[in-house]
Amino acid sequence: ANLDAIAAIYKEHSAYANAEQIYKCTLSLREKTLSSGHLAIAFANENLGNLYAAQGKNDLAKPYFEKSLSITGKTLELNRPEVFARLDSLARSYVSLGKLSEAETLYKQALTLMKENGAQTSKDYGSAQQSLALLYLKLGRAGEAEPLLK
């Protein structure tokens, strides 16, 4: 966790190469010492994905978000906020890459999971609704966006 904090400070100060080196080292250490489905590995992948996304390198971010979501979805129950956060990160990456139908699928998946688990009043649900609405607006589908924004 200390290495993650140091990398986050580098990222915050736009010292991306230093942050990348530490995040990659952390991921490597965790992959060597923990089981492949450990949440710490998912977290390390998420960190690298966020680092690349912060630099606009969404093509590099995407596989880390996918790996993070895969581990999290297999390790935790699907109604957990961590799963929703990983779905959102990957969906945002897809939007940045112009893969809008893939992003729509992920946002809908997140909303469905939250509905099925009674999380419609959570902050995550509102965020997912807003993200899907913005995506609909981007796609010129204002009629579908409007109910989500109410």
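Everything numeric here is computed off the predicted structure, so don't read it as measured data.

Rules used throughout
- Residues numbered from 1 in each chain as written.
- Predicted model: local features only at pLDDT ≥ 70, side-chain atom pairs only at ≥ 80, totals over all residues.
- Heavy atoms only, no water.
- Helix = DSSP H or I, 4+ residues; strand = E, 2+ residues; numbered from the N terminus.
- Rg over C-alpha atoms; globule rule 2.2 N^0.38 Å.
- Buried < 20%, exposed > 50% of the residue type's maximum accessible area, 1.4 Å probe, protein only.
- Areas by Shrake-Rupley, 256 points an atom, 1.4 Å probe, with all protein chains shown as cover.
- Lys, Arg positive; Asp, Glu negative; His and termini not counted.
- Charge placed at Lys NZ, Arg CZ, Asp CG, Glu CD.
- Contact = heavy atoms within 4.5 Å.
- Polar contact = N/O pair within 3.5 Å; in protein donor to acceptor, adjacent residues only side chain to side chain.
- Salt bridge = Lys/Arg side-chain N within 4 Å of Asp/Glu carboxyl O.
- Axes fitted to C-alpha atoms, helices over the stretch in contact; angles between N-to-C directions.
- Parallel < 35°, antiparallel > 145°, perpendicular 65-115°, else oblique.
- Left-handed = near helix turned anticlockwise from the far one by under 90°.
- Nonpolar A, V, L, I, M, F, W, Y, C, P; charged D, E, K, R; others polar.
- Phe/Tyr/Trp six-rings, centres within 6.5 Å; stacked < 30°, edge-to-face > 60°.

## Side note on the overall build of the chain
So, step 1. A tally of regular secondary structure across the chain gives eight helices and zero strands.
So, step 2. Here the C-alpha atoms of the chain give a radius of gyration of 16 Å, agreeing with the 15 Å that 2.2 N^0.38 yields for 150 residues.
So, step 3. C-alpha extents for the chain along the principal axes are approximately 45 × 30 × 20 Å.
So, step 4. Expressed as a percentage of its 150 residues, the buried residues of the chain come to 39%.
So, step 5. For the chain, the accessible area works out to roughly 8200 Å², and carbon and sulfur atoms hold 53% of it.
So, step 6. Each charge class in the chain can be summarised by its mean position, and for the 18 positive and 16 negative side chains these summaries are 2 Å apart.

## So, the environment of Thr75
So, step 1. Tracing the sequence through the fold places Thr75 in helix α4 (residues 58–75).
So, step 2. It is 6.4 Å that separates the C-alpha atoms of Thr75 and Gly37, two residues lying 38 residues apart in sequence.
So, step 3. Excluding residues within four positions of it along the chain, Thr75 makes contact with Gly37 and Leu39.
So, step 4. From its side chain, Thr75 meets the backbone oxygen of Ile71 in a polar contact 2.7 Å long.

## Regarding the pattern of salt bridges
So, step 1. Considering all chains together, one arrives at nine salt bridges under this definition.
So, step 2. For the salt bridge of Arg86 with Glu46, the shortest nitrogen-to-oxygen distance reads 3.6 Å. Taken together, the positions of Arg86 in helix α5 (residues 81–96) and Glu46 in helix α3 (residues 39–54) put the pair 40 residues apart, joining distant regions of the chain. Taken individually, Arg86 and Glu46 each receive the classification buried, so the pair is uniform in this respect.
So, step 3. The shortest N-O distance in the salt bridge between Arg92 and Asp88 comes to 3.0 Å. On the criterion of helical spacing, the pair formed by Arg92 and Asp88 is a turn pair, its members being four residues apart in helix α5.
So, step 4. Connected through salt bridges with shared partners, the residues Glu104, Lys108, Arg141 and Glu144 form a single ionic network.

## Regarding the packing of helix α1 (residues 2–12) against helix α2 (residues 16–33)
So, step 1. Between α1 and α2, the least distance of the axes is 7 Å, while the angle of their chain directions is 155°. Relative to α2, the element α1 lies roughly antiparallel. Relative to α2, the crossing made by α1 is left-handed. Of α2, the residues touching α1 (which contributes Leu3, Asp4, Ile6, Ala7, Ala8, Tyr10 and Lys11) are Tyr16, Asn18, Ala19, Ile22, Tyr23, Thr26, Leu29 and Arg30.
So, step 2. Of the residues in the contact of α1 with α2, the class split is ten nonpolar, two polar and three charged.

## Brief notes about the packing of aromatic side chains
So, step 1. Under the definition given, this model contains one aromatic pair.
So, step 2. Centroid distance Tyr52 to Tyr64: 5.8 Å. Interplanar angle 35°. Geometry classified as tilted. A residue pair is termed long-range when its members are at least 10 positions apart, and Tyr52 in helix α3 and Tyr64 in helix α4 qualify at twelve residues.

## Notes on the environment of Asn18
So, step 1. Within the fold, Asn18 resides in helix α2.
So, step 2. Asn18 sits 22 residues away from Ala40 along the chain, and the two C-alpha atoms are 20 Å apart.

## Let's talk about the side chain of Lys62
So, step 1. Examined against the element boundaries, Lys62 turns out to sit in helix α4.
So, step 2. Residue classification places Lys62 among the buried positions, given a relative accessible area of 17%.
So, step 3. Aside from chain neighbours lying at most four places away, what touches Lys62 is Leu90, Ser93, Tyr94, Leu97 and Lys99.

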